[in-house]
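Commentary on secondary and tertiary structure
The lines below spell out each chain.
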Amino acid sequence: MDIQADSLQSAAVSMNPFAKHLIRWYRRNRRDLPWRVPLDAPSGHRPDPYYVLVSEAMLQQTQVATVIPYFNRFIQQYPTLQALAGASEQNLLRLWQGLGYYSRARNLLRAAQLLVHQGEGRIPRQVAELMKLPGVGRYTAGAIASLAYNVPAPIVDGNVIRVLSRVFAVRQDPRSPKIQQKLWQLAEGLLPPRHAGEFNSSLMELGATVCTPRSPSCLLCPVRSHCQAYAKGIQDRIPAPRNAKALPVVERVIYCLQNAKKQWLIQQRPARGRWAGMWQFLTLPKSDPLPSAIQLITPLSLRGQFSHALSHRNYRFTVKAGQARASRSLPSAACRWVSFEELNSYPLPRPQLLAAKLLIPGCDK
Ligand code: SF4
């Protein structure tokens with residue numbers, strides 16, 4: 001069906017059994033994840049708001065299985081909001097290395113510093129307060145408020161969009177602002193006020209484990225009897241696929257230069273923009289020559305090529321290696337020579353990690 005605004009309320013009311021079925025299923029089938037209440041905890045326990053904040057930051061654009069080891073290492077190093085507020089950005093980026101979308105780490109640090117140094121030292125429970133924190137939008141605020149405090153706040157993320165689009169057989173593009181707004185209304189209308197946290201968790205869990213993007217497991221689905229897409233046999237066509245646009249390809253050369261002392265030349269990226277503040281080997285557009293400050297001792301050798309896709313562009317990296325004179329006049333003030341051991345303590349974006357692995361046998365970065 002095409003959702004009409006005036007049909008939302010009645011649809012939500014008739015969906016009360018939907019919440020019951022979903023929560024009952026969730027209690028029996030939920031995954032044991034480190035940021036959730038343990039499976040054997042007494043009922044009524046709520047997850048630690050700090051754990052929810054950290055996990056939600058990590059889970060944006062990232063799969064649960066990828067996040068788990070990062071989350072565990074993070075909590076081991078920064079077990080509390082207060083500990084996080086005292087972290088150095090470079091150490092945090094090193095901990096986040098490989099997870100991507102590094103602005104999430106910087107925002108998390110700024111949020112912790114704001115709450116500890118200018119707030120009450122705890123994570124707020126109201127959506128409006130949460131949304132004042134850096135990097136916290138409506139979804140994350142709703143997730144923290146509902147999961148940690150059981151505040152009846154709706155959430156709409158990728159999993160929820162897919163589930164609701166199918167349950168209500170929404171054929172329009174869910175990325176359009178109009179449909180987004182209607183999905184938020186649907187999520188709000190379905191929310192059982194006294195079980196908001198469990199309901200939101202169960203909706204996300206269903207999307208992650210049963211109502212998956214391809215081949216949803218409808219026969220195992222606890223809300224199959226409520227699902228209009230299943231009834232019509234169109235669940236594989238919803239949500240409508242994104243119009244695939246050809247992304248621009250950006251060519252870069254990564255120069256891995258070593259001096260006679262076996263030190264590597266690295267440079268820090270600017271404080272703003274992609275991979276801000278992280279470190280890299282000398283990396284230049286393919287058409288740019290090496291800076292004149294670099295004096296090669298050996299010819300450059302090709303070590304490999306790989307692609308790295310971002311949401312709006314594809315990078316094509318060529319990795320070249322060679323020996324260079326350890327000149328004092330480096331290409332910029334952001335450059336330095338570091339040993340292999342030192343290199344391991346710098347936060348590197350994923351393409352630079354791949355370059356390092358191409359070069360250095362046994363590199364554990
Ligand atoms: Fe998704 Fe199928 Fe369940 Fe509908 S019946 S919500 S399509 S898994």
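Reading the values: the criteria
Residues numbered from 1 in each chain as written. Predicted model: local features only at pLDDT ≥ 70, side-chain atom pairs only at ≥ 80, totals over all residues. Heavy atoms only, no water. Helix = DSSP H or I, 4+ residues; strand = E, 2+ residues; numbered from the N terminus. Expected span 1.5 Å × (residues − 1). Contact = heavy atoms within 4.5 Å. Near = heavy atom within 4 Å. 1 Å grid on protein atoms, 1.4 Å probe; cavity = no way out; pocket = protein on both sides within 12 Å on 5 of 7 lines; lining within 4 Å. Sits in = over half its atoms within 2 Å of the grid points. Nonpolar A, V, L, I, M, F, W, Y, C, P; charged D, E, K, R; others polar. Buried < 20%, exposed > 50% of the residue type's maximum accessible area, 1.4 Å probe, protein only. Pairing = 2+ DSSP bridges. Core = buried A, V, L, I, M, F, W, Y, C linked by side-chain atoms within 4.5 Å. Disulfide = S-S within 2.5 Å.

1. What to know about helix 7 (residues 103-118)
Here helix 7 is 16 residues long and its end C-alpha atoms lie 21 Å apart, about the 22 Å a rise of 1.5 Å per residue gives. On the buried face of helix 7, the contacting elements are helix 3 (49-59), helix 4 (64-77), helix 5 (81-85) and helix 6 (89-96).

2. Here we look at the site of the ligand
Every residue near the ligand is listed here: Arg166, Val167, Val210, Cys211, Pro216, Cys218, Cys221, Arg224, Cys227, Tyr230 and Gln235. Counting atoms within 2 Å of the grid points, the majority share of the ligand lands in the largest cavity. In the shell around the ligand, the residues fall into eight nonpolar, one polar and two charged.

3. Examining the pairing of strand 2 (residues 264-268)
Along strand 2, four of the five residues are buried, which leaves the element largely enclosed by surrounding structure. Where strand 2 meets strand 3 (residues 279-285), three bridges bridge the pair, whose relative direction is antiparallel. Considered in strand 3, the bridge of glutamine 267 is made with glutamine 280.

4. Regarding the nonpolar core
Membership of the largest hydrophobic core comes to 98 residues, with the highest contact counts inside it found for Phe74, Leu84 and Phe281. Counting residues per element, this core draws most heavily on helix 9 (residues 138-149), at eight residues. The contacts of leucine 84, once residues within four sequence positions are left out, are Tyr50, Phe74, Tyr78, Leu92, Leu108, Leu109 and Ala112. Within the second largest apolar cluster, ten residues are counted, among which are Tyr255, Leu265, Ile294 and Trp337.

5. As for the state of the cysteines
Taken as a whole and judged by the stated rule, the model has zero disulfides. Summary of cysteine pairing: cysteine 335 is not part of a disulfide, and the nearest cysteine sulfur, belonging to cysteine 256, is at 13 Å. By relative accessible area, which is 7% here, cysteine 335 ends up buried.

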